[in-house]
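Residues per chain are reported as follows:
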Amino acid sequence: MRVVVIGVGTAHGDDGIGAAVAERLAREGVPAHVRVLAVARPVPDVLDALEGAEAAVLVDATQSGRTPGTVWQPDPAAPRPDRVASSHALGVAEALALAQALGRTPRRLALVGIEAERHGGDTPSAAAQHALPEAVAAVRRVLEGWSAAEGEHARA
Amino acid sequence: MAERRTIHVGAIARVEGEGALHITVENGRVEDLRLEIYEPPRFFESFLRGRAAAEVPDLVARICGICPVAYQMSSVHALEAVFGVETHASIRALRRLYYAGEWMESHLLHMTFLAAPDYLGLEDGIEVARRHRPAVERALRLRKLGNRILILLGGRSVNPVGVRIGGFHHIPTRGELEDLGEELRRARGEAESLLRWFASLPVPSRPRPVELVALRHPDEYPMNEGRLVSNRGLDVPVAEFDAAFEEFQVEHSTALHCGVRGRGAYQTGPLARVLLNTDRLSPAAAAARESLADRFEQPDPASSVFARGIEVLQAMDEALAVIDQFEPPPSPAPDVTPRAGEALWATEAPRGVLVVGVETDAAGHVAAIRIVPPTSQNQSQIEADLRELAPQALARGREEARRLCEAAIRDYDPCISCATHFLRLEVEERGEPCASS
């Protein structure tokens, strides 16, 4: 199974945390079938990264009203916001909807969100940085779960 | 009985940034029309003061996520004019390549995701992708090439950091450029197909007696330099911008309006560029323009989408010309000696003429900077178009009127976030002045 982990975000405060998770994962090492990427923009970068992938984990900063630094797993099937207000705001939800429209949705898809504290600044906030190991662990759990499921699938 | 109808669009969709539209029509006459730009001012002109000139290209790249190159190019050329920097011919060429990448990215995004839903009666770009997958795949592939150019010269595609006064921080290798060239050559047919697809859509026609303003260069399609010209006889060097144009504030917009002195509203952008520089187009772009000749007989803001498609071809040809003739410059940038002075420069952003005026002190710090983005300049013309369109649009019902007005605004691909970085703060002092230490 070709798996891709995509950290999304620019080097701009907590927006950079998704990319930081990807970098940490790559540094610590991942199984050979897993590709780890950091991309700046959901559209078109995530779309490109999804091409040919059978499974994908997207890691991104979130603004959901949770406590800053909370690591959580948004539902990839949750409906996206009603209208895309501007292409400055083509986010992960829109990228996934586009991927679906273009037949690029991977068979398995998971999201890992890290609740952001602030948008500005050169580096992620203390809250986001503190959440980094937990986010990395969350991605690994998803990958292990998929490996186990694929293993059972192969045995069946 | 007086019939009074209003259209109020609280937040205009599929434009860059936050704006609203308010129209009141009474007995078929537009009584009040305001393109309200309420996005908060962003103070770029204020916080750039005191910064070292060398920091400016990175800082202005933050003005816009879609057109950072434009802000970098207008600013860096203005600073080079102040410091008397002679850029090497290869640097000049690479800057055209860099701009071509941004034109591709910006135009393809607008055409496919912001404008196409209007012609197809669909909600958004995602619906377009669902129903017209080959066209969207094509646009995404082409856009990726633009993205690649930005990364090659800017270091990254979002908030690029590769530009410096006199040149770049890093010059790509011949091999990197040749690889890119091969891909561009392979993709040219796709750009032609995409434009043909747009030409097959029911794009409305709204010809208007509009003054078009663009740069014009003695022998190139305008990008980084040229004189300001119009279809009504304007022809001045950029240094005379203030003699020919006036900026003014209106209450309902946090972005300054701009008009030609004595005449008023005008349009800048791809339509103006194509119509005022038809004889500077590459053979393929000229052929595409010829195939759409009926759409360009009179200035028609609604034909802007075709101008964008033609400029995607133009940008690809520009990029290929630069790559094919590439000679590495002796250094990424010459030594620069800062000095006090001032200069005004204009380049062609994807959305039109972008003027930057800069004044430096002897140490090369920014004493003052002024940024006149294309969206600010287009505001008055957008309002004029809507004043014309509103009565007939309202005759088709309120929902349809809203849709038509929004689409007419989108013809200009306004970038409101770019336009709102200005705020003039005037302090009136009364009584005794404060004691200074």
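Structure's up top.
Residues numbered from 1 in each chain as written. Chains lettered and ligands numbered in written order. Predicted model: local features only at pLDDT ≥ 70, side-chain atom pairs only at ≥ 80, totals over all residues. Heavy atoms only, no water.

1. Description of the overall build of chain A
Item 1. Helix and strand counts for chain A stand at four helices and five strands.
Item 2. Reading the secondary structure of chain A in the N-to-C direction produces β-α-β-α-β-β-α-β-α.
Item 3. A compact globule built from 156 residues would reach a C-alpha radius of gyration of about 15 Å, and chain A, at 15 Å, matches this within 12%.
Item 4. Expressed as a percentage of the 156 residues in chain A, the buried residues total 52%.
Item 5. Residue pairs at least 24 apart in sequence account for 82% of intrachain contacts in chain A once pairs closer than 6 positions are excluded.
Item 6. A total of about 7,200 Å² of accessible surface is found on chain A, and carbon and sulfur atoms cover 51% of it.
Item 7. Distance between charge centroids for chain A: 4 Å, based on 15 positive and 19 negative side chains. (Helix = DSSP H or I, 4+ residues; strand = E, 2+ residues; numbered from the N terminus. Rg over C-alpha atoms; globule rule 2.2 N^0.38 Å. Buried < 20%, exposed > 50% of the residue type's maximum accessible area, 1.4 Å probe, protein only. Contact = heavy atoms within 4.5 Å. Areas by Shrake-Rupley, 256 points an atom, 1.4 Å probe, with all protein chains shown as cover. Lys, Arg positive; Asp, Glu negative; His and termini not counted. Charge placed at Lys NZ, Arg CZ, Asp CG, Glu CD.)

2. Quick notes on the sheet that holds strand β13 (residues 352-360) of chain B
Residue and element names in this part refer to chain B.
Item 1. Reading across the sheet, the three strands line up as β12-β13-β14 and stay open at both edges, with antiparallel pairing between neighbours. Taken across any chain shown, the strands that pair with only one partner, and hence form the sheet edges, are β12 (341-349) and β14 (366-372). Direction aside, the axes of adjacent strands within the sheet are offset by 15° on average. (Pairing = 2+ DSSP bridges. Axes fitted to C-alpha atoms, helices over the stretch in contact; angles between N-to-C directions.)

3. Here we look at the packing of aromatic side chains
Item 1. For the structure shown, the criterion picks out seven aromatic pairs over all chains.
Item 2. Between Phe241(B) and Phe245(B), the ring centres sit 4.8 Å apart and the planes meet at 15°, which makes this aromatic pair stacked. An identical accessibility class is assigned to Phe241(B) and Phe245(B); each is buried.
Item 3. By way of ring pairs, the aromatic residues Tyr99(B), Trp103(B) and Tyr221(B) are connected into one cluster.
Item 4. Positioned above the aromatic ring of Trp72(A) is the side chain of Arg66(A), whose terminal nitrogen or guanidinium carbon lies 3.5 Å from the ring centre.
Item 5. We note Arg273(B) situated over the ring of Trp103(B); from NZ or CZ to the ring centre the distance is 4.4 Å. (Phe/Tyr/Trp six-rings, centres within 6.5 Å; stacked < 30°, edge-to-face > 60°. Lys NZ or Arg CZ within 6 Å of the ring centre and 35° of its normal.)

4. Focus on the environment of Val353(B)
All names here are of chain B.
Item 1. Tracing the backbone through its elements, the reader meets Val 353 in strand β13.
Item 2. For Val 353, a relative accessible area of 1% translates into the label buried.
Item 3. Along the chain, Val 353 and Glu 31 lie 322 residues apart, while their C-alpha atoms are 31 Å from each other.
Item 4. With sequence-adjacent residues up to four places away left out, Val 353 is seen in contact with Val 213, Ala 214, Leu 215, Leu 228, Thr 268, Ala 346, Thr 347, Glu 348, Val 372, Pro 373, Pro 374 and Gln 377.

5. Some points on the side chain of Thr10(A)
Item 1. By the element assignment, Thr10(A) lies in the loop between β1 (3-8) and α1 (17-28).
Item 2. Of note is the side chain of Thr10(A), whose polar atom sits 2.7 Å from the side chain of Asp15(A).
Item 3. Each residue touching Thr10(A), except ones within four places of it in the same chain, is listed here: Asp15(A), Gly16(A), Ala40(A) and Val158(B). (Polar contact = N/O pair within 3.5 Å; in protein donor to acceptor, adjacent residues only side chain to side chain.)

6. Examining the packing of helix α4 (residues 89-120) of chain B against helix α6 (residues 133-154) of chain B
Residues and elements named next belong to chain B.
Item 1. Viewed as axis vectors pointing N to C, α4 and α6 meet at an angle of 150°, and their least axial separation amounts to 8 Å. Between α4 and α6, the crossing angle belongs to the class labelled roughly antiparallel. Between α4 and α6 lies a crossing whose hand is left-handed. Residues Leu 94, Leu 97, Tyr 98, Gly 101, Glu 102, Met 104, Glu 105, Leu 108, Leu 109, Thr 112 and Phe 113 of α4 pack against Val 136, Ala 139, Leu 140, Leu 142, Arg 143, Leu 145, Gly 146, Asn 147, Ile 149, Leu 150, Leu 153 and Gly 154 of α6. (Parallel < 35°, antiparallel > 145°, perpendicular 65-115°, else oblique. Left-handed = near helix turned anticlockwise from the far one by under 90°.)

7. What about unusual backbone geometry?
Item 1. Here Val43(A) and Pro44(A) are connected by a cis peptide whose omega angle stands at 10°.
Item 2. Of note, Pro44(A) is situated in helix α2 (residues 42-50).
Item 3. The backbone of Asn159(B) sits at a positive phi, close to 50°, despite the residue not being glycine.
Item 4. Along the chain, the position of Asn159(B) falls in the loop between α6 and β4 (163-164).
Item 5. Exposure remark for Asn159(B): the relative accessible area of 13% places this residue in the buried category.

8. Describing the sheet that holds strand β5 (residues 108-115) of chain A
Residues and elements named next belong to chain A.
Item 1. Judged by pairing direction, the sheet is mixed, and its five strands sit side by side in the order β2-β1-β3-β5-β4 without closing on themselves. Strands at the two margins of the open sheet, each flanked by one partner only, are β2 (34-39) and β4 (71-72).
Item 2. One ladder, built from five bridges, connects β1 with strand β3 (residues 55-62); its direction is parallel. Looking at the pairing, Gly 7 lines up with Val 59 of β3.
Item 3. Here α2 sits on the sheet in contact with β1, β2 and β3, set at roughly 165° to β1.

9. Brief notes about the nonpolar core
Item 1. One finds Ile6(A), Leu58(A), Leu94(B), Leu97(B), Leu184(B), Phe198(B) and Ile310(B) to be the most contacted residues of the largest nonpolar core, which totals 124 residues.
Item 2. If you tally residues by element for this core, the top one is α4(B), at 16 residues.
Item 3. Apart from the residues within four sequence positions on either side, Leu97(B) is in contact with Ile149(B), Leu153(B), Leu177(B), Leu180(B), Ala319(B), Val322(B) and Ile323(B). (Core = buried A, V, L, I, M, F, W, Y, C linked by side-chain atoms within 4.5 Å.)

10. Notes on the pattern of salt bridges
One side chain can pair with another of opposite charge once the charged atoms of both are near each other.
Item 1. In the structure shown here, the tally under the stated rule is 49 salt bridges over all chains.
Item 2. A salt bridge links Glu150(A) to Arg108(A), with the nearest nitrogen and oxygen atoms 3.0 Å apart. Note that Glu150(A) is positioned in helix α4 (residues 126-155) and Arg108(A) in strand β5, a separation of 42 residues in sequence.
Item 3. According to the relative accessible area criterion, Glu150(A) is buried, its value standing at 18%.
Item 4. Residue Arg108(A) is classed as partly exposed on the basis of its relative accessible area of 22%.
Item 5. In this structure, Arg351(B) and Asp413(B) form a salt bridge, with 3.3 Å as the shortest nitrogen-oxygen distance. One end of the pair, Arg351(B), is in the loop between β12 and β13; the other, Asp413(B), is in the loop between α13 (398-410) and α14 (416-419), and 62 residues separate them in sequence. One exposure class covers both Arg351(B) and Asp413(B), and it is buried.
Item 6. In the salt-bridge network here, residues are joined through shared partners; they are Arg2(A), Glu54(A), Arg107(A), Arg108(A) and Glu150(A). (Salt bridge = Lys/Arg side-chain N within 4 Å of Asp/Glu carboxyl O.)

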